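Chains, contacts and geometry: an overview
Residue-level listing of the chains:
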Amino acid sequence: MDPSSRTPARDAKPERLAVDRFWQASLGAANGVPSSLVAALETLGPSLAWTQNPNYRRRPPDATFLDNYGYAVIAGRIDGPPALVVDARLALGVLLLGPRTHYPLHAHPAVEIYYTLTHGGEWWRDDGPWRREPPGTLIHHAPNVRHATRACAAPLLAVYLWRGDLATHAKLTAMDGEPTG
């Protein structure tokens, strides 16, 4: 084990958000991906602390976004959102969006990789257009590339991995690239 990694103390019950209501249904809908991954996420589920980007909490993109968006960190920085394992080099976790939720255009300096777990998610990045990606797809976003995600009729669940600048939170961007929050 890397000496910079350690398991943090977990005395308190993890925080839950409104989006957590989609957790079990999204795990049940995770077809076409390794069942061992789904089983591991089911096991970790009760220990996950759901959180939201503070930039979005200050200025939500729409009235329902915060009830339908959240992520939980499995491994991440000690000074970041609550993680099950601390690692200064990467952020690993899950993104969950409720049905018909649009995660608007945003950018950040970290490299980001998603591994899709559910059907019906759509993904966009600077080179456009929107793409519907099946479970088991790897999606790569280079640093500072504008990208967006949306769930269709069902919740969207994806595993994410960030490398690089982990301290800088994503910021929503306008279509012309100007930050909006």
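Scroll up to find the structure this text is about.
Computed from a prediction, not measured in an experiment: that's the story for all the values here. (Residues numbered from 1 in each chain as written. Predicted model: local features only at pLDDT ≥ 70, side-chain atom pairs only at ≥ 80, totals over all residues. Heavy atoms only, no water.)

With respect to the overall build of the protein
Across its full length, the protein holds 3 helices and 12 strands. Going through the 181 residues of the protein one by one, you find that 49% of them count as buried. In the protein, 70% of the contacts between residues at least 6 apart in sequence involve partners at least 24 apart. (Helix = DSSP H or I, 4+ residues; strand = E, 2+ residues; numbered from the N terminus. Buried < 20%, exposed > 50% of the residue type's maximum accessible area, 1.4 Å probe, protein only. Contact = heavy atoms within 4.5 Å.)

Some words on unusual backbone geometry
Phi is positive for R100, which is not a glycine, with a value near 55 degrees. Residue position: R100 is located in the loop between β4 (90-97) and β5 (102-107). Phi is positive for N144, which is not a glycine, with a value near 65 degrees. Structurally, the position occupied by N144 is in the loop between β9 (138-141) and β10 (147-151).

A short note on the sheet that holds β10
Judged by pairing direction, the sheet is antiparallel, and its 5 strands sit side by side in the order β8-β7-β10-β5-β12 without closing on themselves. One side of each edge strand has no neighbouring strand; the edge strands of this open sheet are β8 (131-133) and β12 (171-172). As paired elements, strand β7 (residues 121-125) and β8 share 3 bridges and run antiparallel to each other. In the sheet register, W123 faces β8, and the bridge partner there is R131. (Pairing = 2+ DSSP bridges.)

Let's talk about the layout of surface pockets
In this structure, the largest pocket spans a volume of roughly 390 Å³. Lining of the largest pocket is provided by 22 residues; of these, Y71, P81, Y160, W162 and H169 occupy positions nearest its centre. Breaking the lining of the largest pocket down by element, the ones donating at least two residues are β2 (69-76), β4, β5, β6 (111-116) and β11 (156-163). Per element, the largest residue contribution to the lining of the largest pocket is 4 residues, and it comes from β2. By residue class, the composition of the lining of the largest pocket is 13 nonpolar, 6 polar and 3 charged. (1 Å grid on protein atoms, 1.4 Å probe; cavity = no way out; pocket = protein on both sides within 12 Å on 5 of 7 lines; lining within 4 Å. Points joined across faces, edges and corners; volume = space filled by probe spheres on them. Nonpolar A, V, L, I, M, F, W, Y, C, P; charged D, E, K, R; others polar.)

Details of the pattern of salt bridges
Summed over all chains, the structure comprises 7 salt bridges. A salt bridge links R16 to D20, with the shortest nitrogen-to-oxygen separation between them at 3.7 Å. On the basis of relative accessibility, which here comes to 35%, the residue R16 falls in the partly exposed class. Within this structure, E122, R132 and R150 form a network of salt bridges that share partners. (Salt bridge = Lys/Arg side-chain N within 4 Å of Asp/Glu carboxyl O.)

Focus: the side chain of H147
Looking at where H147 falls in the secondary structure, it is placed in strand β10. Within polar-contact distance, the side chain of H147 engages the side chain of E112 at 2.8 Å. Not counting the four nearest positions on each side in its chain, H147 is found in contact with P104, L105, H106, A107, H108, E112, W124, R125 and H141. (Polar contact = N/O pair within 3.5 Å; in protein donor to acceptor, adjacent residues only side chain to side chain.)

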